[in-house]
Amino acid sequence: MHMMLNKIAETIEMSCDISEDEKQQAEMASKLFSSIVSSLDYAKKHLDIIYIPFKKADSISPEAVTEYRGAIHRFKEQIKRNFNKIKFIALQALKKLKLFSSDTHILGLVNAFRDSITDIESQINVLLDVLSDFKSPDFKSNVIASVEDVRRECFEVEKLINDRIIDYIDTNIL
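Think of each chain on its own: its residues are numbered from 1, step by step along the sequence as written. The model is predicted, so local features are restricted to residues of pLDDT at least 70 and side-chain atom pairs to those at 80 or more, both for listing and for counting; the totals for chains, interfaces and linings are taken over all residues. As a convention, hydrogens and water are excluded, and side-chain values are obtained from all of the structure's heavy atoms.

(A) View of helix α5 (residues 104-132). For α5, built from 29 residues, the straight-helix expectation of 42 Å at 1.5 Å per residue is met to within 8% by its first-to-last C-alpha distance of 42 Å. For the purposes of these results, a polar contact is taken to be a pair of N or O atoms within 3.5 Å, where, inside protein, one atom must be able to donate a hydrogen and its partner to accept one; residues adjacent in sequence count only when each atom of the pair is a side-chain atom. Secondary structure elements follow DSSP: runs of H or I of four or more residues count as helices, runs of E of two or more count as strands, with numbering from the N terminus. Here α5 starts with a cap whose side-chain oxygen sits 2.8 Å from the backbone nitrogen of His105, and that cap is Asp103. Expected span of a helix, by definition, is 1.5 Å for each gap between consecutive residues, and there is one gap fewer than residues.

Okay, here's the thing in structure tokens:
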């Protein structure tokens, strides 16, 4: 029994040894996750370009929206670029964490992160659809609600990254 406990203790201790290469990978993952937070912040500020004026306006006529449909189209394209950049960085960060996939807690964080990114993507697609429906009489309220939904999902991802992922990397790997 004593021999078995020693073996278990050795196994646990061995699993805690982190090589310099693994530490570098973890540091890079942490930087990439921080970059995602910065990119999310930038993307949310970009959404303010439409959100703030729409929120302040008493009403926006369908004619006014139609008149500015070119600007709305360019705005949509920038939204796509912003979130494609986030997805690209997210993929790079997940590749760095793959090294630690034997850690079940990391696997849980990876799955939660993937789900959160998927949730943002779903809300972005809703927002893009709303912005395409510029003839809708509810265009203004739909845009406001959709931007708020995107922001809420971004906040959840930022919270996950800051409170759980980066904290776990710093505490348990680095």
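(B) Main features of the packing of helix α4 (residues 69-97) against α5. Axes here refer to lines fitted to C-alpha atoms; in helices the fit is confined to the stretch in contact. Angles between the N-to-C directions go from 0 to 180 degrees. It is the contact of α4 with α5, at a shortest axis distance of 11 Å, that shows an interaxial angle of 170°. In terms of orientation, α4 lies roughly antiparallel with respect to α5. Of the residues in α5, those touching α4 at Ile72, Phe75, Lys76, Ile79, Lys80, Phe83, Ile86, Lys87, Ala90, Leu94 and Leu97 are Ile106, Val110, Phe113, Arg114, Ile117, Ile120, Glu121, Ile124, Leu127, Leu128, Leu131 and Ser132. When an angle is under 35 degrees it counts as roughly parallel; over 145 it counts as roughly antiparallel; between 65 and 115 it counts as roughly perpendicular; any other value is oblique. By the convention used here, residues are in contact when the closest approach between their heavy atoms is within 4.5 Å.

(C) Inspection of α4 at higher detail. When the terminal C-alpha atoms of α4 are compared, their 42 Å separation across 29 residues agrees well with the 42 Å that a helix rising 1.5 Å per residue should span. Throughout, exposure labels follow a simple rule: accessible area from a 1.4 Å probe, protein chains only, divided by the maximum for the residue type, with under 20% read as buried, over 50% as exposed, and the rest as partly exposed. When we look at burial in α4, the residues that qualify are Ile72, Phe75, Lys76, Ile79, Asn82, Phe83, Ile86, Ile89, Ala90, Ala93, Leu94 and Leu97. Buried residues along α4 sit in contact with α2 (20-56), α3 (62-67), α5 and α6 (139-173).

(D) Broad picture of the layout of surface pockets. Of the pockets and cavities examined, the second largest pocket occupies roughly 240 Å³. The method works on a 1 Å grid over the protein atoms by themselves. A cavity is a set of points holding a 1.4 Å probe that cannot get out, a pocket is an open set with protein on both sides within 12 Å along at least five of seven lines, and residues with an atom within 4 Å of a point line them. Taken together, 13 residues line the second largest pocket, and the ones lying closest to its centre are Leu91, Leu94, Lys95, Val110 and Arg114. Listing elements by their share of the lining of the second largest pocket, those giving two or more residues are α4 and α5. The leading source of residues in the lining of the second largest pocket is α4, at 6 residues. Grid points are joined across faces, edges and corners, and a volume is the space filled by probe spheres set on the points.

(E) The pattern of salt bridges, seen in detail. Salt bridges are defined as contacts in which a side-chain nitrogen from Lys or Arg sits within 4 Å of a carboxyl oxygen from Asp or Glu. Taken as a whole and judged by the stated rule, the model has 9 salt bridges. As a salt-bridge pair, Glu121 and Lys87 come within 2.8 Å of each other at their nearest N and O atoms. Highlighted residues: Glu121 in helix α5 and Lys87 in helix α4, separated in sequence by 34 residues. Judged by its relative accessible area of 32%, Lys87 is partly exposed. Asp163 is paired through a salt bridge with Lys159; the nearest N and O atoms lie 3.1 Å apart. With Asp163 and Lys159 both in helix α6 and 4 residues apart, the pair spans about one turn of that helix. Take Asp163: its relative accessible area is 46%, and that puts it in the partly exposed class.

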